[in-house]
Amino acid sequence: MKKAVLLISLIANGLFAWAQLPDVTLKDIDGKNVHVAELGKSGKPVIVSFFATWCKPCLRELKAIHEVYADWQDETGVEMYIVSTDQGQDSKKVKPYVDGYGWDYHVLLDPNSELKRAMNVQNIPHLFVIDSHGKTVYNHTGYTDGGETEIRQYLK
C-alpha cells in the first residue's frame, strides 16, 4: 500500500518523465510560432530551460552552458531552447537581454505560463533534457556551479 501511495505521489508531482513535450504553441523572440511538441522530434537531443531576466541563478546557468554549448552541439547536435517566464513589461527585456550575452539559443516566450504549467515547472531555473527520441531523460530545478557537467552526461 505504501508503494502505491508513493507512486501516485511521484506521478502527481511530475517527477516521472513523460514520453513527449506538451502540445503548446509559443512565440519566439522574433514573433514566430513554435510548436513545442515538435521540438523533441528532430532526432537530436533538446534542452529546454526555463528562466527569467531577473533570476540570478538562471543567468549563471545559461552563461555556464554557453561556454560549452558549441562543444555539445559538435558532439551531439543538441538544440537549446530557453523559455522566458517574464511577464508584462519584463517580457520586452528578453530580446535585448539575450542579445547582450550573445547567446545563440532558441528563445521562446511564455508570458502566460502555459508551457510552465504543462511541464509542471514550479521554480526557475528549471531544465529538461529530451533525448533524440523525444523522451525526457533529465529534469532539474535550481543551479549549482558545475551543473553543466551533469547535463552533458544526459546528452550522450
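Look a little higher up for the structure.
Quick caveat, the model's predicted, so the values are computed rather than measured.

Draft legend 1. Region of the structure containing the overall build of the protein. Per the secondary structure count, the protein includes five helices and seven strands. Listing each helix as α and each strand as β along the protein from the N terminus yields α-β-β-β-α-β-α-β-α-β-β-α. For the protein, with 156 residues in total, the buried portion stands at 42%. Restricting to contacts in the protein with at least 6 residues of sequence separation, those with at least 24 account for 71%. In the structure as shown, the protein presents an accessible area of about 8,700 Å², 52% of it carried by carbon and sulfur atoms.

Draft legend 2. Inspection of the pairing of strand E4 (residues 79-84) at higher detail. In terms of burial, E4 is a largely internal element, six of the six residues being buried. Two elements, strand E3 (residues 46-51) and E4, share six bridges in a ladder whose sense is parallel. In the strand pairing of E4, Phe50 is matched with Val83. In this view, the connection linking E3 to its parallel neighbour E4 by way of helix H2 (residues 56-76) has right-handed handedness. Here E4 runs beside strand E5 (residues 106-109); their pairing, made up of four bridges, is parallel. Bridge pairing links Tyr81 to His106 in E5.

Draft legend 3. Region of interest: the sheet that holds strand E2 (residues 33-35). Spatial ordering of the open sheet is given by E2-E1-E5-E4-E3-E6-E7, a layout of seven strands whose pairing is mixed. Among the strands making up the open sheet, the edge pair consists of E2 and strand E7 (136-141). With direction set aside, neighbouring strand axes in the sheet form an average angle of 30°. Of the strand pairs in this sheet, E3 and strand E6 (residues 126-130) are connected by five bridges, and their pairing is antiparallel. From the neighbouring strand, Phe50 faces E6, where its bridge partner is His126.

Thresholds applied
Residues numbered from 1 in each chain as written. Predicted model: local features only at pLDDT ≥ 70, side-chain atom pairs only at ≥ 80, totals over all residues. Heavy atoms only, no water. Helix = DSSP H or I, 4+ residues; strand = E, 2+ residues; numbered from the N terminus. Buried < 20%, exposed > 50% of the residue type's maximum accessible area, 1.4 Å probe, protein only. Contact = heavy atoms within 4.5 Å. Areas by Shrake-Rupley, 256 points an atom, 1.4 Å probe, with all protein chains shown as cover. Pairing = 2+ DSSP bridges. Right-handed = clockwise from strand over helix to strand, strands pointing away. Axes fitted to C-alpha atoms, helices over the stretch in contact; angles between N-to-C directions.

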